[in-house]
Amino acid sequence: MCGIVGYTGPRQGVPLVLDGLKRLEYRGYDSAGIAVVDGGHVEVFKAPGRISVLEKELGSRMPAGHTALAHTRWATHGAPNTVNAHPHTDCGGTIALVHNGIIENAQVLRTALSKRGHVFRSATDTEVLAHLVEDLHANGTPLVDAVAGALRQVEGTYGIAVVSSREPDTIVAARRGSPLLVAIGAGENFVASDASAVLAHTRSVVYLDDGEIAVVRPGDYRILDLHTVEKEKAVTQVDWDLGTIERGGFAHFMLKEIMEQPESVQNTLRGRLLEEEGTVRLGGLNISDEELLRIQRIVITACGTSWHAALIGEYMMEELARIPTEVEYASEFRYRNPIVDERTLVIGISQSGETADTLAALREAKRRGARTLGLVNVVGSTIAREVDGGIYLHAGPEIGVASTKAFTSQIAALALLTLKMGRLRALSILQGREVVRALGRLPALVQRVLARAPEVERIAERLIRATNVLYLGRGYNFPVALEGALKLKEISYIHAEGYPAAEMKHGPIALIDDLMPVVFVAPKDTVYQKVVSNIEEVKARGGKVIAIVTEGDTGLAKLADHQIEIPETLDLLTPVLSVLPLQLLAYYIAVRRGCNVDQPRNLAKSVTVE
Ligand code: G6P
């Protein structure tokens, strides 16, 4: 999704903001631009496509100015072309502005501004903001007052940064609904939508909250509310270092992140397992055991891959903790009239902690009196800050747009929460210990599956020309089938569908012929025999079967055209292992098809608009 980086200080601004922008490339975008205040003028350069196109556009004309903004855009209003790329400027060319989010009353404001003589160049909602600020910045009004005045007229969401040729050493930034932070250096300061853009320069950041404005200058910064009343804000130290967000010798971030899963799962579990007591220690829940006991119902809400993890969480919670649990797409939940009250626990799952729909769903749940928890990876993200409590995944930065290691950590975190809730209720200490021990063994088992990557690569070779692939699983492995299909379509653009294996008979079976590969997730769990029958049904129709099976299971060898083994574990934890070959399969197929694995077309790492 859109990225923002700004710099003001003694150094040349453009190379710094371009470098920061490249660190946000992974989030997905379709055009890029910069603005620099240089010699009393604001200069703007923009280009559709990759940042490298913008760099070419700049060529040797690198402007010398010390205050600069940069932006990557992911189109919402208007096509991804040069005119619609940010920064946007006002009529007089005094102001340049970059924006993430959506201005909902843009049309009304645009009409009013046009009537006052403003001339619009783009089809974006953002340009409205530039002209609004222009109006108010007249007659010597400071930029911050003009921006605050403009924002008071705006409906919708924004993370913005603005520069003006009249205040060459100032960036004014503001946030409502789209993440933004101020990063504090020595004699220089930054603004950014994501800490990874500035980590090369400083670890000290101030996260803006909704309704806050920052006035950033080389030697100082101030945080104000929309009425320009100054506020005190804490400085946070970001502990991710640059090394962990670089590729480290792997061809793609996605492969690096797949291969990191023994450590990332370990990091989710670290310090949390209490084997003797058969339970877990979760320091961040902020909800007492008494309150947790009063919970009668759980709703888990999320989007994308995190939603698939939520489905696994539902099965776990109902099986082990015996609490009625439902899973909701965040985008649906927020616009229904959901039934939640103070006895409902609403859990939001989000890698980024910034997904707009998940955030809005949690806010809605809170408004209706529910207790809220976040299972979030990015420390200090908006969801993490707004929920009552939560469990950090500690999976480390995930850069590949297609989520991999966050998914397995989400499952591990859900198992931890299930244990906590279960042990407060009917789950016995013996059952608790069994799950704790199985969790402890999990990272080594993940390693064992990943060692089979070369086998998966060979199988992938057979599938590169497929146009449709069906993924089937039952029980805990039904969500894994959904996730396997999502991975494939996201990065290889092959159409894929995940289905509960038995439901196949009610539709997808009509599609099966010798051109249709079917991936069965079929470990030896309680529904194994049932899945075997489903495999027979596919074979009887000439389908090509790839099966994920438990180590030593010879039963399927005759039926499956290819099989990949995973070690045995408890049923509820098999998804952590069974998804690994599917991640690898999608990865190798996409690479062989020449796709841009880390930045698939049209997708964004973190979807901060509705
Ligand atoms: C986007 C990403 C997915 C991710 C989803 C939810 O669609 O491309 O990989 O699963 O958002 O993101 P979240 O950060 O909330 O887990």
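As shown above, the structure is provided for reference.
The model shown is predicted, which means the values in this text are computed figures rather than measured ones.

Analysis parameters
Residues numbered from 1 in each chain as written. Predicted model: local features only at pLDDT ≥ 70, side-chain atom pairs only at ≥ 80, totals over all residues. Heavy atoms only, no water. 1 Å grid on protein atoms, 1.4 Å probe; cavity = no way out; pocket = protein on both sides within 12 Å on 5 of 7 lines; lining within 4 Å. Points joined across faces, edges and corners; volume = space filled by probe spheres on them. Nonpolar A, V, L, I, M, F, W, Y, C, P; charged D, E, K, R; others polar. Helix = DSSP H or I, 4+ residues; strand = E, 2+ residues; numbered from the N terminus. Phe/Tyr/Trp six-rings, centres within 6.5 Å; stacked < 30°, edge-to-face > 60°. Buried < 20%, exposed > 50% of the residue type's maximum accessible area, 1.4 Å probe, protein only. Lys NZ or Arg CZ within 6 Å of the ring centre and 35° of its normal. Pairing = 2+ DSSP bridges. Axes fitted to C-alpha atoms, helices over the stretch in contact; angles between N-to-C directions. Contact = heavy atoms within 4.5 Å. Near = heavy atom within 4 Å. Polar contact = N/O pair within 3.5 Å; in protein donor to acceptor, adjacent residues only side chain to side chain. Areas by Shrake-Rupley, 256 points an atom, 1.4 Å probe, with all protein chains shown as cover. Parallel < 35°, antiparallel > 145°, perpendicular 65-115°, else oblique. Left-handed = near helix turned anticlockwise from the far one by under 90°. Expected span 1.5 Å × (residues − 1). Salt bridge = Lys/Arg side-chain N within 4 Å of Asp/Glu carboxyl O.

Chemist: How do you make sense of empty space enclosed by the protein when you look at a structure like this?
Modeler: Sizing a probe to match a water molecule and rolling it over the atoms shows the empty space that remains. Counted by the stated rule, this structure contains two cavities of 30 Å³ or more. Approximately 80 Å³ is the volume found for the largest cavity. Split by residue class, the lining of the largest cavity holds three nonpolar, eight polar and two charged. Considered as a void within the structure, the second largest cavity measures approximately 40 Å³ in volume. Among the elements of the structure, helix 11 (356-367) and helix 12 (382-386) are those that each provide at least two residues to the lining of the second largest cavity. A total of four residues in the lining of the second largest cavity trace back to one element, the largest contributor, which is helix 11. Among the residues forming the lining of the second largest cavity, the class breakdown is four nonpolar, no polar and three charged.

Chemist: Is there a simple way to explain the packing of aromatic side chains in this structure?
Modeler: The geometry of an aromatic ring pair is captured by two quantities: the separation of the ring centres and the angle between the planes. This model, assessed by the stated rule, comprises four aromatic pairs. Measuring from ring centre to ring centre gives 3.9 Å for Trp 307 and Tyr 329, while their planes differ by 5°; the resulting arrangement is stacked. Here Tyr 329 lies in strand 19 (residues 325-329) and Trp 307 lies in helix 9 (residues 304-321), a separation of 22 residues in the sequence. Of the residues examined, Trp 307 reaches a relative accessible area of 12% and is grouped as buried. Classification of Tyr 329 by relative accessible area gives partly exposed; the value is 42%. We note Arg 601 situated over the ring of Tyr 493; from NZ or CZ to the ring centre the distance is 3.8 Å.

Chemist: Please explain the sheet that holds strand 20 (residues 344-350) as it appears in this structure.
Modeler: Within a beta sheet, neighbouring strands are joined by backbone hydrogen bonds and run either parallel or antiparallel to one another. Spatial strand order, 19-18-20-21-22: five strands in an open sheet with parallel pairing. Two strands bound the open sheet, and with one partner strand each, they are strand 19 and strand 22 (389-392). For this sheet the average axis-to-axis angle between neighbouring strands, irrespective of direction, equals 20°. By the bridge criterion, four bridges tie strand 21 (residues 371-376) to strand 22 in an arrangement that is parallel. Following the sheet pairing, Leu 375 is matched in strand 22 by Ile 391. Across the sheet, helix 9 is in contact with strand 18 (297-302), strand 19 and strand 20; its angle to strand 19 comes to roughly 170°.

Chemist: Before we go on, may I ask you to explain the site of the ligand in this structure?
Modeler: Residues in close proximity to the ligand total 13 residues, the closest being Ser 306, Ser 350, Gln 351, Ser 352 and Thr 355. A distance of 2.7 Å separates an oxygen atom of the ligand from a polar backbone atom of Gln 351. In isolation the ligand exposes 390 Å². Once the protein is present, 92% of that is buried. The element that contributes the greatest number of residues to the shell around the ligand is helix 9, accounting for three residues. Residues belonging to the shell around the ligand are distributed by class as follows: four nonpolar, eight polar and one charged.

Chemist: Can you help me understand the environment of Ile 566 in this one?
Modeler: Within the secondary structure, Ile 566 is located in strand 27 (residues 562-566). Sequence-distant contacts of Ile 566, defined by excluding residues within four places in its chain, comprise Val 449, Pro 523, Ile 548, Val 549, Thr 550, Glu 551, Leu 577, Ser 578 and Pro 581.

Chemist: What exactly am I supposed to notice about the packing of helix 9 against helix 13 (residues 405-424) here?
Modeler: Two numbers describe a pair of packed helices, the interaxial angle and the distance between the axes. Relative orientation of the contacting elements helix 9 and helix 13 amounts to 25°, with a least axis distance of 9 Å. Taken together, helix 9 and helix 13 sit at an angle that is classed as roughly parallel. Crossing of helix 9 over helix 13 shows right-handed handedness. Here Thr 305, Ser 306, His 308, Ala 309, Ala 310, Ile 312, Gly 313, Met 316, Met 317, Leu 320 and Ala 321 of helix 9 come into contact with helix 13, specifically with Phe 407, Gln 410, Ile 411, Leu 414, Ala 415, Leu 417, Thr 418, Met 421 and Gly 422. Within the contact of helix 9 with helix 13, the residues separate by chemical class into 13 nonpolar, seven polar and no charged.

Chemist: Whenever I open this one, helix 13 confuses me. Can you help?
Modeler: Each α-helix winds once per 3.6 residues, and so residues spaced three or four apart point in a common direction. The terminal C-alpha atoms of helix 13 lie 29 Å apart, and with 20 residues this matches the ideal 28 Å at 1.5 Å per residue to within 8%. For helix 13, a buried count of 18 out of 20 residues is recorded, marking the element as mostly surrounded by other parts of the structure.

Chemist: Would you mind going over the sheet that holds strand 1 (residues 3-8) with me for this structure?
Modeler: Reading across from one edge, 3-2-4-1-10-9-11-15 is the order of the eight strands in this open sheet, with antiparallel pairing throughout. The two strands at the open ends of the sheet, each matched to only one other strand, are strand 3 (41-48) and strand 15 (236-237). In this structure, strand 2 (residues 31-38) lies alongside strand 3, joined through eight bridges in antiparallel fashion. Each bridged residue has a counterpart across the sheet, and for Ala 32 the counterpart in strand 3 is Ala 47. Sitting on the sheet, helix 2 (residues 51-58) is in contact with strand 2, strand 3 and strand 4 (67-73), with an inclination near 130° to strand 3.

Chemist: Help me understand helix 17 (residues 528-539) in this model?
Modeler: The end-to-end C-alpha separation of helix 17 is 17 Å, in line with the 16 Å expected for twelve residues at 1.5 Å each. On the buried face of helix 17, the contacting elements are strand 25 (517-521) and strand 26 (544-550).

Chemist: In this structure, what is going on with the pattern of salt bridges? I would like to understand it.
Modeler: Should the charged atoms of two oppositely charged side chains come close, the side chains can pair. Scanning the entire structure with this criterion turns up 35 salt bridges. For Glu 483, the salt bridge identified is with Lys 487, shortest N-O distance 2.6 Å. In this pair, Glu 483 and Lys 487 are both assigned in helix 16 (residues 478-492), four residues apart and thus about one turn of the helix distant. Look at Lys 487 and you get buried, because its relative accessible area is 0%.

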